[in-house]
Amino acid sequence: MPALKKRYYQKIDEEVYSAILDNGMSLSIIKKKGFLEKAAFLSTNFGALDNHFYIDGELQSYPAGIAHFLEHKLFEDEQGRDVTLDFVKLGADVNAFTTLDKTTYYFSTLDHFEESLELLLKFTSKFTSSEDAVNHEKRIIEQEINMYQDDPDYRVYLGCLQSLYPNTILGRDIAGSVDSIEKITVNDLEDNFDCFYRPANCHLVLVGDFDVEDIYTFVNEKQSEFTLPERIVEKEKNPIESDVQKLDSLQMEIFISKLAIGFKSVPFTDNRMRENILVQLLFNLLFGWTSPYYQKWYAEGKIDESVSIEYEVSSRYSFVIMTMDTAEPIRMSSLIRQVMTSADKKRLLTDEALDLQKKALYGEFLRSLDNIQNLGSQYLAYFENDKTYFDFGQELMGITYKELKDFLNHYLANMEITDFVVFPK
């Protein structure tokens, strides 16, 4: 059994134990002393963007939405039963989500942790289904897709993303479309499961007050039953590129217009965590609730508390989408563009303002460490090479005024902007 490696983060008093199991699975155990709740997260590096990949150098292509579809189907056992019922009997709350690059299954519980963990490992280790069952699931996912078509917040966000990356997989819904999921077959699902749900492509994260050696032995014994021959699967690595569609809109039965402004750029650094922090700092300084622009627009009634800023950064894409309810979407779009392209914004990027924003983000980081479910998700999201989410605070506080200014200049030199508006009918 491979030896566990301990890493202690003294400043925030957090400890993590990690190992690569004999079957290739990555394991991280985050010990939270004194916590009653425990949680487990099993994540595979397979997300919505991965419908094109290579096996032995040969390109494989599948319909959009297949990762999300497979997430749904794994919750059915051989008899077609929902495995959620087994977790409920143990008092565990189980769920899953698919992102652009990962699919994650997780549960949290106060009791029967090992039994629940065994269930999690078991139902994600095999796929069995039939064409009839797959066709039945298509109707369920179609309903889910159609339901979101009536959600104006969803439509404005996705519309903006589609304008940033038109005719690309990034501009598609994570669930795919009614047309794309109709093309998915049981063989497609089996192929994708076989490629991506291998232990070497998975990361298991356990969070709670464990006896570390005992839980490690338990996981290793359970995973020793699940070994597969090596298979080389290469995900697409090229940047996602497409000409931006400058403006688009639609009408819905809503009371007030919804505006989304999308910003697309290219990576500034290979350090994804640092890039993510730089993006957050820049946009929070310019448009966060402490910004004088935000305060002015709020006082004038141009915006309200609905303003949201979402960030996505990877080696293949980098975008920010701001959304808001506003009675003046065209005017607000013009004002935000002026801020991004004018020299006036440099007066906001002072040492004092940066220090205040860094402290605010650091406070959010510390609070997140006491939320077990959020901690597990963030740990998986930021896990890369030798860095983990526990390095976030150190990375954040190490950012200087000069670095942020250099990042701003880089961002402006490579930035593209688009708008999407949902108008009232």
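Residues numbered from 1 in each chain as written. Predicted model: local features only at pLDDT ≥ 70, side-chain atom pairs only at ≥ 80, totals over all residues. Heavy atoms only, no water.

Asker: Can you break down the nonpolar core residue by residue, with the values?
Answerer: Considering soluble globular proteins, one finds that nonpolar side chains tend to be buried as a cluster. Membership of the largest hydrophobic core comes to 62 residues, with the highest contact counts inside it found for F263, F283 and F287. Among the elements that take part in this core, helix α9 (residues 272–287) stands out by supplying ten residues, more than any other. Y17, A67, F69 and V212 belong to the second largest nonpolar core, which has 55 residues in total. (Core = buried A, V, L, I, M, F, W, Y, C linked by side-chain atoms within 4.5 Å. Buried < 20%, exposed > 50% of the residue type's maximum accessible area, 1.4 Å probe, protein only. Helix = DSSP H or I, 4+ residues; strand = E, 2+ residues; numbered from the N terminus.)

Asker: How would you summarise the sheet that holds strand β12 (residues 258–264) if you had to cite specific residues and measurements?
Answerer: Pairing within the open sheet is mixed, and its five strands lie in the order β11-β15-β12-β14-β13. The two strands at the open ends of the sheet, each matched to only one other strand, are β11 (247–252) and β13 (308–313). Neighbour-to-neighbour, the strand axes of the sheet open up by a mean angle of 15 degrees, direction not taken into account. In the sheet, β12 pairs with strand β14 (residues 318–325) via seven bridges, with the strands oriented antiparallel. What sits directly across from I261, in β14, is M322. (Pairing = 2+ DSSP bridges. Axes fitted to C-alpha atoms, helices over the stretch in contact; angles between N-to-C directions.)

Asker: Give a description of the packing of aromatic side chains that names residues and reports values.
Answerer: Inspection of the entire model under this criterion finds 36 aromatic pairs. When the ring of F193 is compared with that of Y197, the centres are 4.9 Å apart and the planes differ by 15 degrees; the resulting orientation is stacked. The exposure class assigned to F193 is buried, which follows from its relative accessible area of 10%. Over the aromatic face of Y165 sits the side chain of K264, whose NZ or CZ is 4.5 Å from the ring centroid. (Phe/Tyr/Trp six-rings, centres within 6.5 Å; stacked < 30°, edge-to-face > 60°. Lys NZ or Arg CZ within 6 Å of the ring centre and 35° of its normal.)

Asker: Quick rundown of the pairing of strand β8 (residues 103–109)? Include the residues and the values.
Answerer: Here β8 lies mainly inside the structure; seven of its seven residues are buried. Residues T103, Y105, F107 and T109 line one face of β8 and the alternating positions T104, Y106 and S108 line the opposite face, and both faces are buried. Across seven bridges, strand β4 (residues 38–44) lies against β8 in antiparallel orientation. Residue pairing in the sheet places A40 in a bridge with F107 of β8.

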